[in-house]
Amino acid sequence: MADARRIAAAIALALSFASPAFAADAPAEVASDAAVRFQPPTAAPTAADPALEARMLAITGELRCLVCQNQTIADSHADLAVDLRQEVREMLRHGRTPDEIRRYMTDRYGDFVLYRPPFKASTLVLWLGPAALLALALVALTIVIRRRARLADDHFEADPVFDGDTPEPASDPLSRTGTPA
Amino acid sequence: MRVLKFLIPLAVFFVLVGFLYRGLKLDPREVPSPLIGKPAPEFALTQLDKPEQTIRRADMLGKVWLLNVWASWCEACREEHPYLVEFAKLKALPIYGLDYKDERAPAQQWLTDRGNPYDASLFDANGRVGIDFGVYGVPETFLIDKQGVIRFKQIGPLTPEVLNSQVLPLLRKLNG
């Protein structure tokens, strides 16, 4: 039972790594969480327009800062990131949609700024590669298990058999189950 | 079949080593600019030493020119600047500066101290034009053709090698 749970957890973990969005999830959530948490309902809002600020952070949390490349534009203190956050605020104020803002960024810096890269010919391996590797591994595992199932008993090491005289080794709890008393 | 069992992991291993070896030589800071082959963005900026004179994108059409993004606060620009001063003496093409997120006085002083290779410097105080050019690491240099299309971009300091092996041949091609 505990084993089954452990295996399920391992598979879930493997799957979460398999998705390219994995890298984007964490910073995006941190950014939007922070935006929500830093607005006490009674106190005055920190930003001029908290709703706008939250939308701005949601968008810039998925954009890579080109100056410090492992940070998002929402997180980074680089001058360029500060400027770009201001730019996004202004674009939102002018009613531009998040798609238009992402387009504005990719027009200047390319798909590299997107933490969620678009699905197209050049990103096919990125999106499908992990799933393909997983499928390949499952196929290999199935083949190996099937082949082993067909093997005769003498291909495997015999289970240890204990007679009544020899005391059971206490150090190996696994062998206990297989031995009749 | 037995041999294959050993050869497949070996082949996979070598492919992996190949990728990693290639990865060693890639510079993640050199992001291919989507602006290459596209029209340069619109701009209208005052000159660094003549605040009353504006230069626009349209003024630059009809000639192949170099736009060098620099700033007085930029460390790497100091390394690049002597090459640019020497290169300007060739009078191969007009060189314009884009003084990015700077102040007029220190910028002018910087050029007085180190020499001025520019036909003019555009003064981009708030960095808006820099953003439109996709600038993220000063210095950067753009080669723009007669139709106003960006043909080449250098991220980081220009070197004599880049000028000789890329900028000059491309310039000859565009003028030829």
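Above this note sits the structure.
None of these values were measured; they are calculated from a predicted model.

Draft legend 1. Summary view of the overall build of chain B. A tally of helices and strands in chain B yields five helices and seven strands. The helix and strand sequence of chain B, counted from the amino end, reads α-β-β-β-α-β-α-β-α-β-β-α. Pairs at least 24 apart in sequence give 71% of the contacts found in chain B among residues at least 6 apart. For chain B, the exposed surface amounts to about 9,700 Å²; the carbon and sulfur share of it is 60%.

Draft legend 2. How the structure looks around the state of the cysteines. Evaluation of the coordinates by the stated rule reveals one disulfide over all chains. Bridging Cys74(B) to Cys77(B), the disulfide has an S-S length of 2.2 Å. Across the disulfide from Cys74(B) to Cys77(B), rotation about the S-S bond amounts to roughly 90°, and the bridge is consequently right-handed. An identical accessibility class is assigned to Cys74(B) and Cys77(B); each is buried. In this model Cys65(A) remains outside any disulfide bridge; the closest cysteine sulfur is found in Cys68(A), 3.9 Å from its own. The exposure class assigned to Cys65(A) is buried, which follows from its relative accessible area of 1%. Residue class for Cys68(A) comes out partly exposed when judged on its relative accessible area of 26%.

Draft legend 3. Molecular detail of the layout of surface pockets. Each pocket or cavity is described by its volume, and for the second largest pocket that value is around 390 Å³. As for the second largest pocket, its lining consists of 20 residues, of which Val67(A), Trp73(B), Tyr136(B), Gly137(B) and Val138(B) are closest to the centre. Looking at the lining of the second largest pocket residue by residue, the class counts come to 13 nonpolar, two polar and five charged.

Draft legend 4. Examining a nonpolar patch on the surface more closely. Residues and elements named next belong to chain B. A cluster of nonpolar side chains, contributed by Val3, Leu4, Leu7, Ile8, Leu10, Val12, Phe13, Phe14 and Val17, occupies part of the molecular surface with about 850 Å² of accessible area. With respect to the helices and strands, the residue phenylalanine 14 is situated in helix α1 (residues 2-24). The exposure class assigned to phenylalanine 14 is exposed, which follows from its relative accessible area of 53%.

Draft legend 5. Examining the sheet that holds strand β3 (residues 65-70) of chain B more closely. Residue and element names in this part refer to chain B. The sheet built from five strands is open, its strands ordered β5-β4-β3-β6-β7 with mixed pairing. Looking along the sheet, the strands with just one partner apiece sit at the ends: β5 (120-124) and β7 (150-155). Across the sheet, the axes of successive neighbouring strands diverge by a mean angle of 20°, strand direction being ignored. Sheet topology places β3 next to strand β4 (residues 95-100); five bridges connect them, and they run parallel. Following the sheet pairing, asparagine 68 is matched in β4 by glycine 97. Packing of helix α5 (residues 160-175) onto the sheet brings it into contact with β3, β6 (140-144) and β7, and relative to β7 it is tilted by some 170°.

Draft legend 6. How the structure looks around the nonpolar core. With 73 residues, the main nonpolar core has Met105(A), Tyr109(A), Leu67(B) and Phe133(B) as its most contacted residues. In terms of residue count, the dominant contributor to this core is α5(B) (seven residues). Sequence-distant contacts of Leu67(B), defined by excluding residues within four places in its chain, comprise Tyr96(B), Gly97(B), Leu98(B), Leu122(B), Phe133(B), Glu140(B), Thr141(B), Phe142(B) and Ile144(B).

Draft legend 7. The arrangement of the pattern of salt bridges in detail. For the structure shown, the criterion picks out 14 salt bridges over all chains. Two residues, Lys101(B) and Asp83(A), come together in a salt bridge whose shortest N-O distance is 2.3 Å. Taken together, the residues span two chains, with Lys101(B) in the loop between β4 and α3 (104-114) and Asp83(A) in helix α4 (residues 79-93). Relative accessible area serves as the criterion here: at 15%, Asp83(A) is assigned to the buried category. With a shortest N-O distance of 3.0 Å, Glu86(B) and Lys89(B) are connected by a salt bridge. Here Glu86(B) and its partner Lys89(B) are both found in helix α2 (residues 75-89), three residues apart, which amounts to about one turn of the helix. By relative accessible area, which is 48% here, Glu86(B) ends up partly exposed. Here the salt bridges share partners, and the residues they tie into one network are Glu87(A), Glu90(A) and Arg128(B).

What counts and how
Residues numbered from 1 in each chain as written. Chains lettered and ligands numbered in written order. Predicted model: local features only at pLDDT ≥ 70, side-chain atom pairs only at ≥ 80, totals over all residues. Heavy atoms only, no water. Helix = DSSP H or I, 4+ residues; strand = E, 2+ residues; numbered from the N terminus. Contact = heavy atoms within 4.5 Å. Areas by Shrake-Rupley, 256 points an atom, 1.4 Å probe, with all protein chains shown as cover. Disulfide = S-S within 2.5 Å. Buried < 20%, exposed > 50% of the residue type's maximum accessible area, 1.4 Å probe, protein only. 1 Å grid on protein atoms, 1.4 Å probe; cavity = no way out; pocket = protein on both sides within 12 Å on 5 of 7 lines; lining within 4 Å. Points joined across faces, edges and corners; volume = space filled by probe spheres on them. Nonpolar A, V, L, I, M, F, W, Y, C, P; charged D, E, K, R; others polar. Patch = residues over 30% accessible without salt bridge, like charges linked within 9 Å, V, L, I, M, F, W, Y side chains within 5 Å. Salt bridge = Lys/Arg side-chain N within 4 Å of Asp/Glu carboxyl O. Pairing = 2+ DSSP bridges. Axes fitted to C-alpha atoms, helices over the stretch in contact; angles between N-to-C directions. Core = buried A, V, L, I, M, F, W, Y, C linked by side-chain atoms within 4.5 Å.

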